[in-house]
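Spelled out, the chains give:
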Amino acid sequence: MQWVALVLAVLIVYGAAVRRTAEAAGVVALAFVVITGGVFGFPGWRVRDVVGSLLLAAGLAAVVWALGRWRRRVLARRDALAAFLAGVEAVPATAAAVERLRLAGELHDTAAHRLTGIVVGAASALRLGDARLVASALEHAAAEGRLVVRELAALTDGVPEVPRLADVDTLAGPGVVYRRTVDEVPEKVAAVAYRVVREALTNAARYAPGAQVRVELAATDGDLMVTVINQAGEGGRAEDGLGAGKGLAGLRTAVAECGGTLTAGPQGDGWAVVASFRMTTRGRGRKDGWRGRRGADWALVALAVGLSVGTSLLDSDPADLLLLLPLCALHALPLGWRRRAPGFALAVALSIYPVLVATRSVPPAGDVFLWCSWVELALLYAIGLSGKGLTACLGMAAVGGLALAAGPGITGDRLGAWVVLGLGVTVPAVTAWALGAAVATIRARRSVGEAQARTATGELTAAAVRTERDRIASGLRRTAMRHAEAVVAAADAGRLADALAEARWGLTALRDLLEELGETGDPAPTLAGVAALASRKGAIVKFTGERREVDPAVQVAAFRAAERFFEHSDEVTVAYLNGGVSIEGRATAGLRDLADAVGGELITMADGTIRVWLPE
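Residues numbered from 1 in each chain as written. Predicted model: local features only at pLDDT ≥ 70, side-chain atom pairs only at ≥ 80, totals over all residues. Heavy atoms only, no water.

1. What about the pairing of strand β1 (residues 176-180)?
- Inspection of the sheet shows β1 paired to strand β2 (residues 213-220) by 5 bridges, in the parallel sense. Considered in β2, the bridge of Val177 is made with Arg214. (Pairing = 2+ DSSP bridges. Helix = DSSP H or I, 4+ residues; strand = E, 2+ residues; numbered from the N terminus.)

2. Considerations on the packing of aromatic side chains
- Taken as a whole, this structure holds 2 aromatic pairs when the rule is applied.
- When the ring of Trp337 is compared with that of Phe344, the centres are 5.8 Å apart and the planes differ by 25 degrees; the resulting orientation is stacked.
- Seen in terms of ring centroids, Tyr353 and Phe369 are 5.3 Å apart; in terms of plane orientation they differ by 75 degrees. Their pairing is edge-to-face. Taken together, the residues Tyr353 in helix α11 (residues 352-359) and Phe369 in helix α12 (residues 365-386) connect sequence positions 16 residues apart. (Phe/Tyr/Trp six-rings, centres within 6.5 Å; stacked < 30°, edge-to-face > 60°.)

3. Regarding the sheet that holds strand β3 (residues 223-230)
- The sheet built from 5 strands is open, its strands ordered β1-β2-β3-β5-β4 with mixed pairing. Here the strands that pair on one side only, and so sit at the sheet edges, are β1 and β4 (261-267). Within this sheet the neighbouring strands show an average axis-to-axis angle of 10 degrees, counted without direction.
- Where β2 and β3 come together, 8 bridges link them in antiparallel fashion. Residue pairing for β3: Arg214 is matched across the bridge by Ile229.
- Set on the sheet, helix α6 (residues 187-207) makes contact with β1, β2, β3, β4 and β5 (270-277); between it and β3 the angle comes to about 10 degrees. (Axes fitted to C-alpha atoms, helices over the stretch in contact; angles between N-to-C directions. Contact = heavy atoms within 4.5 Å.)

4. Comments concerning the state of the cysteines
- According to the stated counting rule, one finds 0 disulfides in the structure shown.
- In this structure Cys372 is a free cysteine whose sulfur lies 5.9 Å from that of Cys328, the closest cysteine sulfur available.
- Note on Cys372: relative accessible area 7%, which makes it buried. (Disulfide = S-S within 2.5 Å. Buried < 20%, exposed > 50% of the residue type's maximum accessible area, 1.4 Å probe, protein only.)

5. Regarding the sheet that holds strand β7 (residues 571-577)
- The mixed open sheet is built from 5 strands, whose spatial order is β6-β7-β8-β10-β9. Where the open sheet ends on each side, the last strands, each with one partner, are β6 (540-544) and β9 (601-604). Across the sheet, the mean angle from the axis of one strand to that of its neighbour is 20 degrees, orientation sign disregarded.
- Its contacts with the sheet place helix α17 (residues 527-536) against β6, β7 and β8 (580-585), and it is angled at close to 150 degrees to β6.
- Helix-sheet contacts for helix α18 (residues 552-566) involve β6, β7, β8 and β10 (610-615), and the interaxial angle to β8 is about 5 degrees.

6. Section: the packing of helix α13 (residues 391-405) against helix α14 (residues 414-478)
- Between α13 and α14, the shortest axis-to-axis distance is 7 Å and the interhelical angle comes to 135 degrees. As the angle between them shows, α13 and α14 are arranged oblique. In this structure, α13 meets α14 at a crossing whose hand is right-handed. Of the residues in α14, those in contact with Cys393, Met396, Ala397, Ala398, Gly400, Gly401, Leu402, Leu404 and Ala405 of α13 are Arg414, Ala417, Trp418, Leu421, Gly422, Val425, Thr426, Ala429, Val430 and Trp433.
- Residues that form the contact of α13 with α14 fall into these classes: 14 nonpolar, 4 polar and 1 charged. (Parallel < 35°, antiparallel > 145°, perpendicular 65-115°, else oblique. Left-handed = near helix turned anticlockwise from the far one by under 90°. Nonpolar A, V, L, I, M, F, W, Y, C, P; charged D, E, K, R; others polar.)

7. Regarding the environment of Ala296
- Note that Ala296 resides in helix α8 (residues 293-315).
- Taking relative accessible area as the criterion, Ala296 reaches 18% and is therefore assigned buried.
- Considered as a pair, Ala296 and Leu335 are 39 residues apart in the sequence and their alpha carbons are 9.7 Å apart.

8. A few points about the pattern of salt bridges
- Under the definition given, this model contains 13 salt bridges.
- Arg146 is the partner of Asp492 in a salt bridge, and the nearest nitrogen-oxygen pair spans 2.7 Å. With Asp492 in helix α15 (residues 480-492) and Arg146 in helix α5 (residues 131-156), this pair connects stretches of sequence that are 346 residues apart.
- Note that Asp169 and Arg180 form a salt bridge whose closest N and O atoms lie 2.9 Å from each other. Highlighted residues: Asp169 in the loop between α5 and β1 and Arg180 in strand β1, separated in sequence by 11 residues.
- Accessibility expressed as a relative area gives 30% for Asp169, which makes it partly exposed.
- Here the residues in one salt-bridge network are Arg69, Arg72 and Asp596, joined through shared partners. (Salt bridge = Lys/Arg side-chain N within 4 Å of Asp/Glu carboxyl O.)

9. Details of the confidence of the model for the protein chain
- On average, residues of the protein chain score 79 in pLDDT, and 88% of them reach the 70 mark or higher.
- Of all helices and strands in the protein chain, the one with the weakest mean pLDDT is helix α7 (residues 247-257) (72), whereas helix α10 (residues 342-350) scores best (90).
- When the criterion is pLDDT under 50, residues 235-245 qualifies, and its contacts beyond four places in sequence or with other chains add up to 26 contacts. (pLDDT = per-residue confidence, 0-100.)

10. Observations concerning the side chain of Thr21
- Looking at where Thr21 falls in the secondary structure, it is placed in the loop between α1 (2-19) and α2 (22-41).
- Look at Thr21 and you get buried, because its relative accessible area is 11%.
- Contacts of Thr21, omitting those with residues within four sequence positions, involve Arg69, Arg72, Arg592, Asp593 and Asp596.

11. Some thoughts on the environment of Ser308
- Tracing the chain through its elements places Ser308 in helix α8.
- On the basis of relative accessibility, which here comes to 4%, the residue Ser308 falls in the buried class.
- Linking Ser308 and Ala329, residues 21 residues apart in sequence, is a C-alpha distance of 8.1 Å.
- Ser308 has contacts with Cys328, Trp371 and Cys372, leaving out every residue within four places of it along the chain.

12. As for the pairing of β5
- Counted residue by residue, β5 has 6 buried out of 8 residues, so it is predominantly covered.
- Pairing geometry for β3 and β5, over 7 bridges, is antiparallel. Directly across from Thr227, in β5, lies its bridge partner Val274.
- As judged from the 7 bridges shared by β4 and β5, these two strands associate in the antiparallel manner. Considered in β5, the bridge of Thr263 is made with Val274.
- In textbook terms, the turn of a hairpin is the stretch between consecutive antiparallel strands, and for β4 and β5 this stretch comprises 2 residues, one of which, Gly268, has a positive phi near 65 degrees.

So, in structure tokens, the structure goes:
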């Protein structure tokens, strides 16, 4: 009856590990250890019996827990891969949507800004009727119109100009108090800082004409701070109906993608725009914790300790324990290193047998080898998995044959027995190594297949992006570029009213195009899809770290986490870190199971935000 109960208890621990988080399953495993160890150990009331039974129960519980955790990860990965494959057809469309969003931002920050400036200047000059202002407005319209044509041409050719930090200096005109104390920042940050200043100055000219504006670029605690503050205008808006209403929203997204933040709002009787760009790396990837594969390794250590030390406590004399217990521990610990240094781990594990032979231990070295050799076989499997050679098998055969040949049951020629028994040990040793090598080959082939699939998807994605870019470029050539060329022609001919009209028509065409570009379909469950998902929900996603190819299961998990975050927050941060990806935001529930199922974890920060760590 006790053994039936034991089997049921094992199944309960396994089921908890498959269906619950690591912590919950750990509580069930601990209860199993206490109850099982007590049932089998306490009736004898000897401390050795109790401790030995508890160690055996702990080893069994640990390995069952690890098997359940492995099964949980397999099921989660299978589900994620199914979702990824189901949505893989949407990957090119999602990439095209992200390209649309990028082009929308470029258009807003290039042609739309310059055309707005032309409209503001031309309208003011015509309203005041000052000949000098009209001449200045004509000169400005011609120069800015040519820049619009050049920028649109670069954009439609797919090679837009990237502003440098020094280019911000050229934006400071009359009425602008300008100060820059930073010389070097990453290229992407410089481009976005330029956009921030240009957007803020254009809005100041549009909504507060004639107001003094203060612009400052400075380093604060190693970060770049961009501040633009304008006072109240002298006479209300310069011109109505110029904006598309998406300038600051697009800037927030651009700043967030550089790992920064942007705020805009009233300050005194004016308006302030402040962008902060993080220049220093904060946060590194977490190691594969006890929820992942390292947990499985140390579960094997617990099993080895339980089987060797536990049985020694139950069966051996106290005098023998002084030698056996430290050797058993030394034999078990290398399992924790089997992924990082399997060859060294095997050498350490094998080192106990010559000691047992030399000391003529009780139980003899051969009995210990027969009972504990699964440790060496597990390490040989890891060596085969790592792609290393067969010499490790010969080492196990030599040491194992020595341990068996030194047993009290061997009589006669012990050297010959050593050779024969060593050859016998070679069979399971080579089998374990070959199994590891076969699994390594299968994984390598699967990796090649996945790489080929990614390449094919990448080619389709690149084609979809090119097609979308060509479609948008064709529309720009028919509308905005034609109006920009007409602005230049009218300005060169001295027809300011015609230049103003063409600039307004160009802005209308751009506004219609920006509305179209903002439309996105259902995104694919990928990291790129997180950006499209944020656009659909009017939210912001920050990407930090160097972007790279990430395991599909991790991408799906990150996308699902982003969906949960966007239900409660309008901003999330995705960080590419060493060994995995983290995604951070605000949410109430449902993320702990998601992270735990892929071997990750959930961390609650001091400010209440939640960070989900997803290891690769």
